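Chain by chain, the residues run as shown.
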2 protein chains.
Amino acid sequence: MVMTTTTQMSPELEQLLEQLQLEQLDQDMFLGDPGKGEGRLFGGMVLAQSVVAAYWTVEDRTIHSFHAYFLRPGSHETPIRFLVQRIRDGRTFTTRDVIAYQSGEAIFQVSLSFTMPEEGVDDHQEPMPGHISPPEDCRPWQFPGMDRATEKERERWHRKRPITVLDAAPGYNLRDGETPERHVWLRMRGPLPEDEVVHAAMIAYASDTGLLSTARGVIAPGRRTSASLDHSVWFHHPPRFDDWLLYTSRSPVSHAARALIYGELFRRDGIRAASVVQEGLIRAPKGKPQG
Amino acid sequence: MVMTTTTQMSPELEQLLEQLQLEQLDQDMFLGDPGKGEGRLFGGMVLAQSVVAAYWTVEDRTIHSFHAYFLRPGSHETPIRFLVQRIRDGRTFTTRDVIAYQSGEAIFQVSLSFTMPEEGVDDHQEPMPGHISPPEDCRPWQFPGMDRATEKERERWHRKRPITVLDAAPGYNLRDGETPERHVWLRMRGPLPEDEVVHAAMIAYASDTGLLSTARGVIAPGRRTSASLDHSVWFHHPPRFDDWLLYTSRSPVSHAARALIYGELFRRDGIRAASVVQEGLIRAPKGKPQG
C-alpha cells in the first residue's frame, strides 16, 4: 500500500493541472485538452475544465453552486471547446452557463453561480457521521467489483488517479433494507497552487468519484453499466482542497434505472465544505449506458 | 377550518390552470400570463410555466429532472417570454433549456431532462418518516411568523393558494441542535386534467412551497428576508398530482446566509414520487433579499 504525501506531486495530478490551463480562443470561448486515456472521458474532468472556463469570466466572486447535465460520452481524441454564456451580472450574484462541445456536438452543460462572502444568520450544520476512521488508519478504497481484481490491477486503478481514495469506514457492512451508503477520504496527490479557481475545479473533479457505486447493488452486487446523468454541487465555504476531505454519500432512492445519490464533503475539523447530488443511470449490462 | 374536496375547483387553481396555457409565439418561444397579484412573482409559478414551455417541445418523453436558477424578481405587470433551447434529442434522453424574460431581462433559467420509462435494477427507497399524521387529522399549516397573524389573515393566506397545505406532523417540536425539518401535506384544490404536462407543472409549482421556512430560525424565530436561489427536482415516477402528497423537508446545512434544503414528495401509499433540493438566501431584514 503506497500513500503519497502532499509534498510530492504525482504525474497524474501534474497532467490534470496542465489540463486546467485552458487556451483562450475568444473572450468567452476556451479550448481544453482532453488528455490521454482509454474509453470515454471522465465526467469530473470536463466538469473541472468547465468550472475554470466560467470562473475566468467572473471577477471578485466565489463559486457557490453549479448544476450540470452529462449529455454525450466525451472522447480523448478531440479537443473540447467551452462556450461561456453570461446570464447575469447582478449586485450580489453572477451566473454563467457553459456548454462543452466536441466535434460540433454538445457533450456537457453546466450552470454556475458566484457570490461574495457575507455574514449568515441561523447557521446550522449536521455533524460528520460517527463511524468514520481517521485517514491514517484507512486502506485504499475498493470499488464494488474490485474484489475480483488482482492486487496489480487494484494498485494500477489507484496509481493512475490524481487523488488518493481511502475507505473511511472499514469493516462497515450494509444490512438488507438499509439505505446504501459509502464513505471515503479524498486527497489530491500533491500540493495545489494558491488559486481558488484550481481548488474549486479540483473539488468538482473529485466530487464525481464513485457516487454511482453507492447506488449499485450493494447487498447483492451484479454486473452493471452505469453513467452519470446530472451533477450538482453547493459550496458552503470558499473552495479549499489542501488536506483530506471526507466524502460521505448515500442513495435514498433508485427507480426505473435512475438512482439518486446525496454526497457531503467534510473537512477534517468537521466543517461541511460542500454538498453534492447526482442522478445516475444504472442498467443490467445488456442495456446501453447512455443515449 | 375549511377543507376543499377534490371535486370542486377553486378559482385560484382555475386561474393557475389558465396561466399554464401559454401562447405560442414561434416554434420554441412562448408567452406567459404572470397573473394578478401583489409584490414579486411566486417562483413556483414561473417554474410551472417553464416546465410547460419545455414539455411542449418534446415528444413521447416524460420529465425526470430539472435544475433552475432564480435570477431576478419577476413582476405581475409584464408578460413573460419563454425561450426554449433544444440541447439534445438523444436515443434515450432529451434535454431542454428555458430562459424566462421580462422587459428584456432574464429573470429565471432552467435545464430539464426527459426520458422514456424503463425497468430498473437495484431498486430501493427510504420509507416515509414515521411521525406523520394522515391528512384527515391535520390542520392548515402555519408558516413561521404566522402565529402573530390574526385568524382572518391566516385564512386569507390559505384561501388565495391553489393548494391546500396541512401541517403533517402536528405537535412535533424541534429540539436545539436537531436538523430543522418540516412536513406538510399538499393537495391541489380541484381535479387536474388528464395531461402529464399539467401534473408535472403542478408538482413543480407545489415543490416551491415553504422550503425556505424550513431553514429559518426554527428554535428562535426572528424576522428574516429570504429568496430562493436555485431549485432542483428529480421525478422518480411519471408525475401525478391527483391526491395528497406528503412534502417532507430538512435543512442539513446553512452558512454565509445560504441555506440548503432537501425535500421529498411521497404519495399516500408511501412511494417516493420526487426529490427536491433548494438553496435559499436568508438574511436579517436590513439586507436586500436578491441581487
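For clarity, every value in this text was computed on a predicted model and none was experimentally measured.

**Quick word on the overall build of chain A**
Counting secondary structure elements, chain A contains 5 helices and 13 strands. In summary, chain A has a C-alpha radius of gyration of 19 Å against a globular reference of 19 Å for 291 residues, a match within 12%. Principal-axis analysis of the C-alpha atoms gives chain A an extent of 50 × 45 × 40 Å. When the 291 residues of chain A are sorted by exposure, 59% land in the buried category. Sequence-distant contacts in chain A: of pairs separated by 6 or more residues, those separated by 24 or more amount to 71%. Distance from the positive charge centre (33 side chains) to the negative charge centre (39 side chains) of chain A: 8 Å.

**Overview of the pairing of strand E2 (residues 29–32) of chain A**
Residues and elements named next belong to chain A. Alternating residues of E2 divide into Phe30 and Gly32, all buried, and Met29 and Leu31, none buried. Note that strand E1 (residues 23–26) and E2 share 3 bridges and pair antiparallel. Bridging across to E2, aspartate 26 finds its partner in methionine 29. Between the end of E1 and the start of E2, which pair antiparallel, lie 2 residues. The pairing of E2 with strand E4 (residues 80–89) spans 4 bridges and is antiparallel. Across the sheet, residue methionine 29 finds its bridge partner in E4, namely leucine 83.

**Observations concerning the packing of helix H2 (residues 43–55) of chain B against helix H4 (residues 196–207) of chain B**
When two helices pack together, you describe them by how their axes are tilted relative to each other and by the distance separating the axes. All names here are of chain B. Two numbers describe how H2 lies on H4: the axes approach to 8 Å, and their chain directions differ by 155°. Accordingly, the angle class assigned to the pair H2 and H4 is roughly antiparallel. Between H2 and H4 lies a crossing of right-handed hand. Here Gly44, Met45, Leu47, Ala48, Val51, Val52 and Tyr55 of H2 lie close against H4, whose contacting residues are Glu196, Val197, Ala200, Ala201, Ala204 and Tyr205. Along the lines of polarity and charge, the residues of the contact of H2 with H4 split into 11 nonpolar, 1 polar and 1 charged.

**What to know about the interface of chain A and chain B**
Each side of the interface is counted separately: chain A has 67 residues, and chain B has 67 residues. On inspection of chain A and its partner chain B, the count reaches 4 salt bridges. Ionic pairing is found between A:Arg250 and B:Glu126, a salt bridge with its closest N-O pair at 2.8 Å. Applying the counting criterion to the chain A and chain B interface returns 37 residue pairs in polar contact (both at pLDDT 80 or more). Of the residues forming the side of chain A that touches chain B, the biggest block, 7 residues, is contributed by strand E13 (residues 272–283) of chain A. Residue composition of the side of chain A that touches chain B, grouped by class: 24 nonpolar, 25 polar and 18 charged. Sheet analysis places strand E11 (residues 245–255) of chain A next to strand E7 (residues 124–125) of chain B, joined by 2 bridges and oriented antiparallel. Looking at E7(B), one finds that A:Ser254 is bridged to B:His124.

**Considering a positive patch on the surface**
Residues A:Lys152, A:Arg156, A:Arg159 and A:Lys160 make up a contiguous surface patch of positive charge. Of note, A:Lys160 is situated in the loop between helix H3 (151–159) and strand E8 (163–167).

Scoring rules and cut-offs
Residues numbered from 1 in each chain as written. Chains lettered and ligands numbered in written order. Predicted model: local features only at pLDDT ≥ 70, side-chain atom pairs only at ≥ 80, totals over all residues. Heavy atoms only, no water. Helix = DSSP H or I, 4+ residues; strand = E, 2+ residues; numbered from the N terminus. Rg over C-alpha atoms; globule rule 2.2 N^0.38 Å. Buried < 20%, exposed > 50% of the residue type's maximum accessible area, 1.4 Å probe, protein only. Contact = heavy atoms within 4.5 Å. Lys, Arg positive; Asp, Glu negative; His and termini not counted. Charge placed at Lys NZ, Arg CZ, Asp CG, Glu CD. Pairing = 2+ DSSP bridges. Axes fitted to C-alpha atoms, helices over the stretch in contact; angles between N-to-C directions. Parallel < 35°, antiparallel > 145°, perpendicular 65-115°, else oblique. Left-handed = near helix turned anticlockwise from the far one by under 90°. Nonpolar A, V, L, I, M, F, W, Y, C, P; charged D, E, K, R; others polar. Salt bridge = Lys/Arg side-chain N within 4 Å of Asp/Glu carboxyl O. Polar contact = N/O pair within 3.5 Å; in protein donor to acceptor, adjacent residues only side chain to side chain. Patch = residues over 30% accessible without salt bridge, like charges linked within 9 Å, V, L, I, M, F, W, Y side chains within 5 Å. Areas by Shrake-Rupley, 256 points an atom, 1.4 Å probe, with all protein chains shown as cover.

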